[in-house]
Each structure stands twice: as C-alpha cells, then as structure tokens.
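Each chain is listed here by its residues.
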Amino acid sequence: MSRHEKRLAKMRQNPSDVAWADLVAMCDLCFGMPRRGRGSHLIYDTPWMDHPLLVLQPRKGKAKPYQVRQVLRALDVMEGNDG
C-alpha cells in the first residue's frame, strides 16, 4: 500500500483526526497547487465542469472534519464513485 493509499484510508476511517499537513499533501497531489486565500486559507479548484472550490483552513494543526469529508467527496467524484 502506497503512502497516498494509507493517507486516504486513514482519512476515510477517521475524518475527525486528520493532520493538516496530510490533507494538504492529498489535495496537492489530487488537485494541484492551491490558490492562496486570505490568511491561512488554501483554495483548491476541482477539475470538473462546474468547478466547485475546496476552501481549507487548519485548526490547531488538524484539518476540520467537514473539510476532510468535502475532500473525500471530491475524490469520489473524480474516481467516478459519486457516493
């Protein structure tokens, strides 16, 4: 199992305990480099037609759980698993 697959499995297993650096690394790999937002916000473009944005912001070194779930949903759409 690759580092990417391990990171993704951990994110799916417990979205409440994901390190900010892990979420950013996953987004960089899957969506490319972010646009810079204001302050600590990072903004990622998704590669499909209506281009929803993923706006991420850390909380004490961790990723916010709802933002992890948004990233997981976006990855599912990219992989063709619309669920």
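Nothing here was measured: the structure is a model prediction, and the numbers come from that model.

Peer 1: Help me understand the pairing of strand E2 (residues 42-45) in this model?
Peer 2: Pairing analysis gives two bridges linking strand E1 (residues 35-36) to E2, with the strands arranged antiparallel. Counted as the bridge partner of arginine 36 is leucine 42 from E2. Pairing of E2 with strand E3 (residues 53-56), which is carried by four bridges, proceeds in the antiparallel orientation. The residue bridging aspartate 45 from the neighbouring strand is leucine 53, located in E3.

Peer 1: Would you mind going over the state of the cysteines with me for this structure?
Peer 2: Here, disulfide denotes a covalent bond that connects the sulfur atoms of two cysteines. Using the criterion set out here, one finds zero disulfides in the structure. Between cysteine 27, a free cysteine, and cysteine 30, which holds the nearest cysteine sulfur, the sulfur-to-sulfur gap is 7.3 Å. With relative accessibility at 0%, the residue cysteine 27 sits in the buried group.

Peer 1: What am I meant to see in the pattern of salt bridges here?
Peer 2: Applying the stated criterion to the full structure yields four salt bridges. Residue arginine 35 is joined to aspartate 45 by a salt bridge in which the shortest nitrogen-to-oxygen separation is 2.9 Å. Highlighted residues: arginine 35 in strand E1 and aspartate 45 in strand E2, separated in sequence by ten residues. Residue arginine 35 is classed as partly exposed on the basis of its relative accessible area, which comes to 43%.

Peer 1: Is there a simple way to explain the nonpolar core in this structure?
Peer 2: Note on soluble globular proteins: their nonpolar side chains tend to be buried together. In this structure, Met11, Leu23, Phe31, Tyr44 and Val71 are the most contacted members of the largest nonpolar core, which totals 19 residues. Of all the secondary-structure elements, those providing two or more residues to this core are helix H1 (3-13), helix H2 (20-31), E2, E3 and helix H3 (65-79). In terms of residues, this core owes the most to one element, H2, which gives six residues. The contact partners of phenylalanine 31, leaving out residues within four places of it in the chain, are Tyr44, Asp45, Thr46, Pro47, Leu54, Val71, Ala74, Leu75 and Met78.

Peer 1: Got a minute to help me understand the sheet that holds E2 in this structure?
Peer 2: Hydrogen bonds along the backbone pair up the strands of a sheet, which may run parallel or antiparallel. With antiparallel pairing, the three strands of this open sheet are ordered in space as E1-E2-E3. Strands with a single pairing partner mark the edges of an open sheet, and in this sheet they are E1 and E3. Along the sheet, H2 makes contact with E2 and E3, crossing E2 at roughly 30 degrees.

Peer 1: Help me understand the packing of aromatic side chains in this model?
Peer 2: Aromatic ring pairs are defined here through the distance separating the ring centres and the angle between the ring planes. Per the counting criterion, the structure on display carries one aromatic pair. Centre to centre, the rings of phenylalanine 31 and tyrosine 44 are 6.4 Å apart; their planes meet at 55 degrees, and the pair counts as tilted. Within this pair, whereas phenylalanine 31 is found in helix H2, its partner tyrosine 44 is found in strand E2, the two being separated by 13 residues in sequence. Each member of the pair, phenylalanine 31 as well as tyrosine 44, is classed as buried.

Procedures and definitions
- Residues numbered from 1 in each chain as written.
- Predicted model: local features only at pLDDT ≥ 70, side-chain atom pairs only at ≥ 80, totals over all residues.
- Heavy atoms only, no water.
- Pairing = 2+ DSSP bridges.
- Helix = DSSP H or I, 4+ residues; strand = E, 2+ residues; numbered from the N terminus.
- Disulfide = S-S within 2.5 Å.
- Buried < 20%, exposed > 50% of the residue type's maximum accessible area, 1.4 Å probe, protein only.
- Salt bridge = Lys/Arg side-chain N within 4 Å of Asp/Glu carboxyl O.
- Core = buried A, V, L, I, M, F, W, Y, C linked by side-chain atoms within 4.5 Å.
- Contact = heavy atoms within 4.5 Å.
- Axes fitted to C-alpha atoms, helices over the stretch in contact; angles between N-to-C directions.
- Phe/Tyr/Trp six-rings, centres within 6.5 Å; stacked < 30°, edge-to-face > 60°.

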